[in-house]
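Given next are the chains, with one letter for each unit.
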Amino acid sequence: ENNLWIRNIHFFLNKNIIVSDKGILVDFDKKINFYDSFGNEINIKSSCKLNEKEVILGSIQGLIKFNVYTEKYELLNFPEERILNLKRINDTSFYFSANDGLFIYNIITHKYKLIISNNLFKNDKIQYFETTTSPDFWVNTYKGNLFLIRNKKIKKENEAEAKGGLLLLCEGSEKGKTWVD
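Residues numbered from 1 in each chain as written. Predicted model: local features only at pLDDT ≥ 70, side-chain atom pairs only at ≥ 80, totals over all residues. Heavy atoms only, no water.

S.K.: How should I be thinking about a nonpolar patch on the surface in this particular structure?
M.R.: Together, I6, I9, F11 and F28 line one region of the surface with nonpolar side chains, adding up to about 420 Å² of accessible area. Here F28 is to be found in the loop between β3 (23–26) and β4 (30–32). (Patch = residues over 30% accessible without salt bridge, like charges linked within 9 Å, V, L, I, M, F, W, Y side chains within 5 Å. Areas by Shrake-Rupley, 256 points an atom, 1.4 Å probe, with all protein chains shown as cover. Salt bridge = Lys/Arg side-chain N within 4 Å of Asp/Glu carboxyl O. Helix = DSSP H or I, 4+ residues; strand = E, 2+ residues; numbered from the N terminus.)

Shown next, in the form of structure tokens:
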């Protein structure tokens, strides 16, 4: 497709996984789409490599776990909400942002927990986040504000007005540092 939006590329032993809005490409060749329980195609918005065999996909209809080697997927236990941002914690758990705020998900127990509520941001919502040293998170909101969150409280706030877009967070090359672009 000429208008394919590539979201991420993940590298595995003998396989490359290219994540796009329309699904994934295995080694830039085999296309795999994802469907909900009604047979509707799922639109992918984010991804993270969880371990050496699985990728977690965030979609406009919730969370998906994809096994790279069996090429099978599972819709995870979470409401059908838009998932914009995912970050790996370890081989069995990850953070993600959704309508109500920032969550943690455990693959073994299939349970999730809200750890930072969007109510903290006064008529605004988390769009992107970046982890730093525990328990800190940098959070970027839809209105372009930037916050440092520590122990579920705002530690620092930057009321930025981003013209033409939002501030985006990206992990810096040095461990423990977060760059803002």
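Having seen the structure, we can now continue with the description.
S.K.: Explain the pairing of strand β15 (residues 146–150) to me, please; I cannot follow it from the model alone.
M.R.: Within a regular strand, side chains alternate between the sheet's two faces. For β15, a buried count of four out of five residues is recorded, marking the element as mostly surrounded by other parts of the structure. Sheet topology places strand β14 (residues 136–141) next to β15; five bridges connect them, and they run antiparallel. Note that in β15 the partner of N140 across the bridge is L146. Taking the residues between adjacent antiparallel strands as the criterion, β14 and β15 are bridged by four residues, where G144 takes a positive phi near 90°. (Buried < 20%, exposed > 50% of the residue type's maximum accessible area, 1.4 Å probe, protein only. Pairing = 2+ DSSP bridges.)

S.K.: How should the sheet that holds strand β12 (residues 111–117) be read in this particular structure?
M.R.: Backbone hydrogen bonds hold the strands of a sheet together, and the pairing may be parallel or antiparallel. Across the sheet, which stays open at both edges, the four strands sit in the order β9-β10-β11-β12 with antiparallel pairing between neighbours. The outermost strands of the open sheet, each flanked by one partner alone, are β9 (85–90) and β12. On average, each strand axis in the sheet is tilted by 25° relative to the strand beside it, whichever way the strands run. Relative to strand β11 (residues 101–106), strand β10 (residues 93–98) runs antiparallel, the two being bridged by six bridges. For Y95, the partnering residue across the bridge sits in β11 and is I104. (Axes fitted to C-alpha atoms, helices over the stretch in contact; angles between N-to-C directions.)

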